[in-house]
Amino acid sequence: MSPSLSTFTPPPADCALCPRLYDYLQTYAKTHPEWHNAPVDAMGSLKARILIVGLAPGLKGANATGRPFTGDSAGGYLFEMLGRFGMAHGAYGGHANDGIRLDDVRITNAVRCVPPQNKPTAAETHNCRRFLVGEIMAMPNLKVILALGRLAHDAVLRATGYRYAEYPFTHASHYQINSKMADGKARKIQLISSYHCSRYNTQTRRLTDGMFSQIFNMMENEIN
């Protein structure tokens, strides 16, 4: 059955499609039982027009809190920028119950489980692709996908049937791609990509505030 608003489901809490990631989570379930330590579901409505895609949960961020981009510096900066552009409301507190709300935005990851050294294998990315494909198909109003980092950019291309070589990643790259909806109809989506908002990238100024603001301006232009 094709995914739809009513049938799309994220990976189960005990997902074992990737044995290495499953074992890694089980290790932290023993040492840090207060953490989420399971696949991290998306945040935001499937009816949103914007989908932000990261690579994978951070060990002490989303893996601990159970919410994408929550609990680490990258998440703090992303939510700050979302608030600045009116795409999030409320005070970000770095935990899943801080009450912050997204407006017309959904946040997800290409790989739902935390990988060792933040590096999923190609096989693990492939195994999790079915969930990204289903998520994209189940978003009937989707206009813009923001990919944070090259690996997220490549994962979106794979999920929508495109080749990396024809749509190379650069900061502020902007491509129009086609994607099917749950009912099988094709629609046009704008794929905008950015350097990841990690602490390393911001501290080294590979990603400046002006550069990241440019990305949000690009998104705004596409939905307004």
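Procedures and definitions
- Every chain begins its residue count from 1, and numbering advances along the sequence as written.
- Reporting in this predicted model follows two pLDDT cut-offs: at least 70 for local features of residues, and 80 or more for side-chain atom pairs to be given and counted; totals over whole chains, interfaces and linings ignore these cut-offs and use all residues.
- Only hydrogens and water are removed before side-chain values are computed, so all heavy atoms of the structure are retained for them.
- Helical segments are the DSSP runs of H or I of at least four residues, strand segments are the runs of E of at least two, and each set is numbered from the N terminus.
- Only C-alpha atoms enter the radius of gyration, while the globule expectation follows 2.2 Å times N to the 0.38, with N the number of residues.
- Using a 1.4 Å probe on the protein chains alone, a residue whose accessible area is under 20% of its type maximum counts as buried, one over 50% counts as exposed, and one in between counts as partly exposed.
- Note on contacts: a residue pair is in contact if any heavy atoms of the two residues lie within 4.5 Å.
- Accessible areas in this description were obtained via Shrake-Rupley with a 1.4 Å probe; residue shielding takes into account the shown protein chains only.
- His is not counted, nor are the chain ends, whereas Lys and Arg count as positive and Asp and Glu as negative.
- For this purpose, a charge sits on NZ of Lys, CZ of Arg, CG of Asp or CD of Glu.
- Just to be clear on terms, a salt bridge is a Lys or Arg side-chain nitrogen sitting within 4 Å of an Asp or Glu carboxyl oxygen.
- A cavity here means a set of 1 Å grid points, computed over protein atoms only, where a 1.4 Å probe fits but cannot escape. A pocket is an open set with protein on both sides within 12 Å along at least 5 of 7 lines, and lining residues have an atom within 4 Å of a point.
- Grid points are joined across faces, edges and corners, and a volume is the space filled by probe spheres set on the points.
- When residues are grouped by polarity, Ala, Val, Leu, Ile, Met, Phe, Trp, Tyr, Cys and Pro land in nonpolar, Asp, Glu, Lys and Arg in charged, and all others, Gly among them, in polar.

A. Local environment of the overall build of the protein chain. Summing up its helical and strand segments, the protein chain has seven helices and seven strands in all. Compactness check: the protein chain gives a C-alpha radius of gyration of 16 Å against a globular reference of 17 Å for 224 residues, within 12% of the reference. By the burial criterion, 52% of the 224 residues in the protein chain qualify as buried. Taking as baseline every contact in the protein chain between residues at least 6 positions apart, the subset at least 24 positions apart corresponds to 68%. Counting every atom, the protein chain has about 10,500 Å² of accessible surface; 50% of that belongs to carbon and sulfur. Side chains of the protein chain give 24 positive and 17 negative charges; the mean places of these two sets differ by 5 Å.

B. Seen up close, the pattern of salt bridges. Counted under the stated rule, the structure contains eight salt bridges. Note that Arg20 and Glu124 form a salt bridge whose closest N and O atoms lie 2.8 Å from each other. In this pair, Arg20 sits in helix H1 (residues 19-31) while Glu124 sits in helix H4 (residues 122-137), placing the two residues 104 residues apart along the sequence. The exposure class of Arg20 is partly exposed, given its relative accessible area of 34%. The exposure class of Glu124 is buried, given its relative accessible area of 6%. Between Arg67 and Asp98 there is a salt bridge, with the nearest N and O atoms lying 2.9 Å from each other. Linking Arg67 in the loop between helix H2 (62-65) and helix H3 (73-84) with Asp98 in the loop between strand S2 (88-89) and strand S3 (101-102), this pair joins segments that are 31 residues apart in sequence.

C. Spatial organisation of the layout of surface pockets. In this model, the largest pocket occupies a volume close to 700 Å³. What lines the largest pocket is a set of 31 residues, among which Leu55, Ala56, Asn118, His196 and Ser198 lie closest to the centre. Elements that contribute at least two residues to the lining of the largest pocket include exactly H3, helix H5 (150-159) and helix H6 (199-203). Per-element accounting of the lining of the largest pocket gives the leading share, three residues, to H3. Surrounding the second largest pocket, Leu55, Pro120, Thr121, Ala122, Thr125, His126, Arg129, Leu151, Asp154, Ala155, Arg158 and Tyr164 form its lining. When residues of the lining of the second largest pocket are traced back to their parent elements, those giving at least two are H4 and H5. Tallied by class, residues from the lining of the second largest pocket come to six nonpolar, three polar and three charged.

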